[in-house]
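If you want the building blocks of each chain, they are given just below.
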Amino acid sequence: MTQYGMIIDLRKCVGCGACALACKTENNTAIRKDGQTYNWADFLHETEGKFPDTTFRTLPVLCNHCSDAPCVEACPVEPKAMYKTEDGITMHNDERCIGCRACQDACPYSMYEVTKDGAYGEYSVISYNEEGQPTHPFYRDKTELLQGRTGSGAEISSITGSVPPHQTRYNHPDYESVRRDNIVEKCIFCDHRVKNNELPYCVDACPSGARVFGDLNDKNGEPAKLLKQYQHFVLQPEEGTKPNVFYIRDYSAKV
Ligand code: SF4
Ligand code: SF4
């Protein structure tokens, strides 16, 4: 049975953010706002120690597509809006979702509200589109990006004659390419691409080949080979969710 998963090689990852940007364009995700990240592919930058004995580590983070996923367990609707596909992806059906956020509460890698700034603070793999709010408020915002120096999101939208991000329109039985309000959203391992024998876009975009995607159960596949070759770890193993995103070749830069 197929179990899709991802291996992230921390010695190849240079923290350039190409994956995060690619994900944003592919999945039309909004910018971080009101305690929600909307970053299906995100980063954690960890700094330890005190200068000059300082180490720095960059960890790309995303939904772990856990085998024992508490988000699925918690979802109260029937049939579930958050569910596992036959090939092991934690999928979300946006039509069935009632926006109760029980999944966000149950997922150890998510939180209702991120309070710290950006990649140096907190992340949440599930984000919520607030009821009654446009899902892409940036492009309606008239505030200048840099006061007195640049235009606003609304200006960009008016000049380009459109309300991006919207360019990627994918056809998926469960997921709209732009989600509506009052539902949650999260990484779907680019299921719409995988169904067409393409890689998740973050994998495709990574310039150093740090992300490897495939069937973990295929003994001859690249993911299985890497897991055999290198020591690996998952995030928060103590939660017992059996993540399917693995990290190999742990690396901390010494400053
Ligand atoms: S990381 Fe969170 S949202 Fe993703 S499958 Fe695991 S519990 Fe669910
Ligand atoms: S927010 Fe949607 S997916 Fe999450 S638990 Fe509620 S109904 Fe299920």
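Residues numbered from 1 in each chain as written. Chains lettered and ligands numbered in written order. Predicted model: local features only at pLDDT ≥ 70, side-chain atom pairs only at ≥ 80, totals over all residues. Heavy atoms only, no water.

Peer 1: Where do I start with the overall build of the protein in this structure?
Peer 2: Secondary structure summary: the protein contains seven helices and eleven strands in total. The C-alpha radius of gyration computed for the protein amounts to 19 Å, which stays within 12% of the reference 18 Å derived for 255 residues, consistent with globular compactness. Seen through its principal axes, the protein has C-alpha atoms that stretch 55 × 50 × 30 Å. Residues classed as buried in the protein amount to 51% of the 255 residues present. When contacts within the protein are restricted to residue pairs at least 6 apart in sequence, those whose partners lie at least 24 apart make up 62%. Taken as a whole, the protein presents about 13200 Å² of accessible surface, with 49% of it coming from carbon and sulfur. Side-chain charges in the protein split into 28 positive and 36 negative, and the spacing between the mean points of these groups amounts to 4 Å. (Helix = DSSP H or I, 4+ residues; strand = E, 2+ residues; numbered from the N terminus. Rg over C-alpha atoms; globule rule 2.2 N^0.38 Å. Buried < 20%, exposed > 50% of the residue type's maximum accessible area, 1.4 Å probe, protein only. Contact = heavy atoms within 4.5 Å. Areas by Shrake-Rupley, 256 points an atom, 1.4 Å probe, with all protein chains shown as cover. Lys, Arg positive; Asp, Glu negative; His and termini not counted. Charge placed at Lys NZ, Arg CZ, Asp CG, Glu CD.)

Peer 1: Can you help me understand the pattern of salt bridges in this one?
Peer 2: Between side chains of opposite charge, pairing is possible as soon as their charged atoms come close. Per the stated rule, a full pass over the model turns up nine salt bridges. With a closest N to O distance of 2.7 Å, Asp250 and Arg57 form a salt bridge. One end of the pair, Asp250, is in the loop between β10 (245–248) and β11 (253–254); the other, Arg57, is in strand β3 (residues 53–62), and 193 residues separate them in sequence. On the basis of relative accessible area, Arg57 is assigned to the buried category, the value being 15%. Here Asp68 makes a salt bridge to Lys242, at a shortest N to O gap of 3.2 Å. Here Lys242 lies in the loop between β9 (232–233) and β10 and Asp68 lies in the loop between β3 and α2 (70–74), a separation of 174 residues in the sequence. Given the relative accessible area of 40%, Asp68 is considered partly exposed. Bridged by salt links that share partners, the residues Glu26, Arg193 and Asp204 form one connected network. (Salt bridge = Lys/Arg side-chain N within 4 Å of Asp/Glu carboxyl O.)

Peer 1: Before we go on, may I ask you to explain the site of ligand 1 in this structure?
Peer 2: Lining the immediate surroundings of ligand 1 are 13 residues, of which Cys63, Cys66, Cys71, Thr90 and Cys107 lie closest. Its residues assigned to classes, the shell around ligand 1 comprises nine nonpolar, three polar and one charged. (Near = heavy atom within 4 Å. Nonpolar A, V, L, I, M, F, W, Y, C, P; charged D, E, K, R; others polar.)

Peer 1: How do you make sense of the site of ligand 2 when you look at a structure like this?
Peer 2: The environment of ligand 2 is formed by 13 residues, the closest being Cys75, Cys97, Cys100, Arg101 and Cys103. Split by residue class, the shell around ligand 2 holds ten nonpolar, two polar and one charged.

Peer 1: Please explain the sheet that holds strand β1 (residues 4–9) as it appears in this structure.
Peer 2: The strands that make up a sheet are held in pairs by hydrogen bonds between backbone atoms, and each pair lies either parallel or antiparallel. Pairing within the open sheet is mixed, and its four strands lie in the order β8-β1-β10-β9. Since the sheet does not close on itself, it has two edges, and those belong to β8 (211–215) and β9, each with one partner. Here β1 runs beside β8; their pairing, made up of five bridges, is antiparallel. Looking across to β8, one finds that Gly5 is bridged to Gly214. Most of the contacts of helix α7 (residues 222–229) go to β8, to which it runs at about 115°, and overall it touches β1, β8, β9 and β10. (Pairing = 2+ DSSP bridges. Axes fitted to C-alpha atoms, helices over the stretch in contact; angles between N-to-C directions.)

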